[in-house]
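Fold and contact review
Read off the chains here:
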Amino acid sequence: MQLDFSPEDEEFRTAARTWLAGNVPQQTSPHEGQAARDYATDWLARCHRDGWAGIAWPADYGGRGLSPERLVIWYEEYVRARAPSVLDCTFVALNHAGPTLIACGTDEQKAFHLPRIVSGRSIWCQGFSEPNSGSDLASLSTSAVIDGDVLVVNGQKIWSSYADIADFQELLIRTDSTSKRHKGLSWVICDMKAPGITVRPIENMAGVCHFAEVFYDDVRIPLSNVVGDLNDGWRVAMTTLGFERKTAAMGLQLDLSVRIEDLIARADAAPGSATAERLGLLRAQAAALRAMTWRTLFREPATVFDGSLVRLRFAELAQHIHRLAMDILGPDALLMSQPTHDYLEAYSETIAGGTAEIQRNIIAERILGLPRE
Amino acid sequence: MTCNLNRSEDQRQILDAAASMLDADFDVSRDLAADRDRMAKIAEFGAFSLALDEQSGGAGFTLVEEALLHVQFGRHIISTHSIAAPIAARLAAESELIDLVGDAVAGGVLCGGGGRLIDGANARFALVFAPDRLQLIDIAKTTVVANNPGFGHFVPITDVAFDEDAIVATSDSRHLLDIAALLVSAQLLGIAEATRDLAVSYAGVRRQFGKPIGAFQAIKHHCANMAIGAEMLSAQLDMAAIALRDGRDDATFQVAALRLLAPQVALENARLCIQIHGGMGFSAEADAHRFLKQAHVLRLIGDAAPILDLESPMAPYKPRLGG
């Protein structure tokens, strides 16, 4: 067991640190709308121009194909340099749709989409959840019938982040009307400008509109936009499970180690005080989350579900850190400053992408081997 | 040079050998009071000198293997003697009391801060853990103040008084204090893992309402929480052990984080293990309570540096935008 970085890795660290110091924007991102898109795409375009985009993507698809050592170096330098949050409107394309296309897409799909994604020229949203299919995703009912070489889609999706500013959507629909549950689903590329699509932004509890409902009324999607085989969409949707450990989510996890340093500096808590105790404990937990992040990169996982352990630990630690920030702010917590905004946004962490309860079921059943309900 | 957190073949071999020895002779249901006589088996295994260099009679392994071995000790509720002995051996070596190195390895025991001697019967030396120093004392030069029944007859507790001339050696070496904190934390991780496994196993076989209780989310989620706690602690143990072995700048920080979390995770997992066992968990006949008590013993020794006094390896380069 070793954690050694080569001299070449250290040169890479220096290059990353230098580039970030000279290029990280001096302003924070707008929270929503076209302004948020412009900020995120400008930043990604700048990263791409200088060879810092798609760092986990294979070089064949315009990425850097970085080793795990350099991925962790990059994200640690990234968060220490205060670079823009990785969880912006480019996240789904770079970390979910793009990797899915790389794993399952046709040559034509890859040639068209991947260069646009990695350079910030196209934004993607996700179309998985439905009003009646949240945790029970496999019960989804948005469906399509085949008309010649086109799928005709009707139904509704919800909680689709950045749907109002996205160019494309990774859309999971039922393409075999006789099918049930996981069978008969397809993963398709949906052009968000296609006729019949209506997007209704939804304001979240932080007062921001970055997610939306999407309605499909006879939306025509070419069959050539199906990724993987028709009716094999569940498998396609699951291919990115193993890739998750190499996504920008590690940037979010590592950022908590920086956030707790901010709180320690801001609080200036008296040694032995209750606040100092909480700060010390959260600092230790952030350090351990960093160790878990390193472990996901440098150790063979026992199961593909191991990511649930670190995912859930991150979500709950993030909420605890933001909660302490509110306590430290005192009366200023009532002002809609960045820490208050971040605190409110963090309530989504134990809901989005699989609730904490579902993650615990996965850990208990798939990792610990306890019986299904 | 690269990063790799998989266990090497050598590491797997020594851990497998230790597991065989411990499974054979140190079942967690055993009579713990008789452990003093069995300690020789662990000493013979080389456990107390594993990471000493070969010239000092050690096996030439490193702190990483030693820490992983102590996880197994935690899983088997081995006496705190197993921590005192390797620390005392290092203290004796550091103090150039070479003639004592062997004795310390063979007979050292342990003392909580002050004069509360834990599991000290028949021992020649005791190790005193204070927050900022370690001391080796000669038990023959102490006076017994009180013999206590101890924690539910779990380990013998003796209160002793001693003065300067009982002190054989003293060290305020941060490295040595960090090693003690690492080994204590490793044993607490062992408790966190063993209680997780015991609870999961019981939840899979105990049936109520016509199905295994592990099928109910209320139980399942307790088990998931135990798994998360153990995974978090285990990852941090790797990080701290490697940092300390390699003399990295952040070693003391990593150990401090580990040592702060270790008792919390161990005690919480032990609590949940008792809860999941229901009435059996509350009985002295089941093993669950033993882990809880051992965690309470371990938490009193091997303190790390206060974490807020240290520098984080993830310090930001400039203030956050927007406050």
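Residues numbered from 1 in each chain as written. Chains lettered and ligands numbered in written order. Predicted model: local features only at pLDDT ≥ 70, side-chain atom pairs only at ≥ 80, totals over all residues. Heavy atoms only, no water.

1. Side note on the pattern of salt bridges
Applying the stated rule across the entire model yields 37 salt bridges over all chains. One salt bridge connects Arg372 of chain A with Glu365 of chain A, and the closest N-O pair in it is separated by 3.0 Å. In this structure Arg372 of chain A comes out as exposed when scored by relative accessible area, which is 54%. Classification of Glu365 of chain A as buried rests on a relative accessible area of 16%. Between Arg271 of chain B and Glu268 of chain B there is a salt bridge, and its shortest N-O distance comes to 3.0 Å. Here the residue Arg271 of chain B and the residue Glu268 of chain B both occupy positions in helix H8 (residues 251–276), the gap between them amounting to three residues, near one helical turn. Residue Glu268 of chain B is classed as partly exposed on the basis of its relative accessible area of 33%. (Salt bridge = Lys/Arg side-chain N within 4 Å of Asp/Glu carboxyl O. Buried < 20%, exposed > 50% of the residue type's maximum accessible area, 1.4 Å probe, protein only. Helix = DSSP H or I, 4+ residues; strand = E, 2+ residues; numbered from the N terminus.)

2. Looking at the nonpolar core
Counting 184 residues, the largest nonpolar core has Trp74, Trp124 and Trp187 of chain A together with Ile42 of chain B as its most contacted members. If you tally residues by element for this core, the top one is helix H6 (residues 174–205) of chain B, at 18 residues. With near-sequence residues (within four places) excluded, Ile42 of chain B lies in contact with Met21, Leu22, Phe26, Ala47, Phe48, Phe73 and Ile78 of chain B. (Core = buried A, V, L, I, M, F, W, Y, C linked by side-chain atoms within 4.5 Å. Contact = heavy atoms within 4.5 Å.)

3. Notes on the environment of Lys183 of chain A
All names here are of chain A. As for its position among the elements, Lys183 is in the loop between strand E5 (168–174) and strand E6 (185–191). Of the residues examined, Lys183 reaches a relative accessible area of 66% and is grouped as exposed. Distance from Lys183 to Gly233, taken between C-alpha atoms, is 8.1 Å for residues 50 residues apart in sequence.

4. Let's talk about the domain arrangement of chain A
Residue and element names in this part refer to chain A. Splitting chain A by domain gives domain 1 (7–118), domain 2 (124–232) and domain 3 (248–367). Placing a centre on the C-alpha atoms of domain 1 and another on those of domain 2 gives a separation of 26 Å. Buried surface at the junction of domain 1 and domain 2, both sides included, amounts to about 1,600 Å², of which 62% is carbon and sulfur. The interface formed by domain 1 and domain 2 contains one salt bridge. Residue Arg37 is joined to Asp167 by a salt bridge in which the shortest nitrogen-to-oxygen separation is 3.0 Å. Inspection of the domain 1/domain 2 interface yields six residue pairs in polar contact (both at pLDDT 80 or more). (Domains from an automatic or database assignment. Buried area = accessible area lost by both parts, 1.4 Å probe. Polar contact = N/O pair within 3.5 Å; in protein donor to acceptor, adjacent residues only side chain to side chain.)

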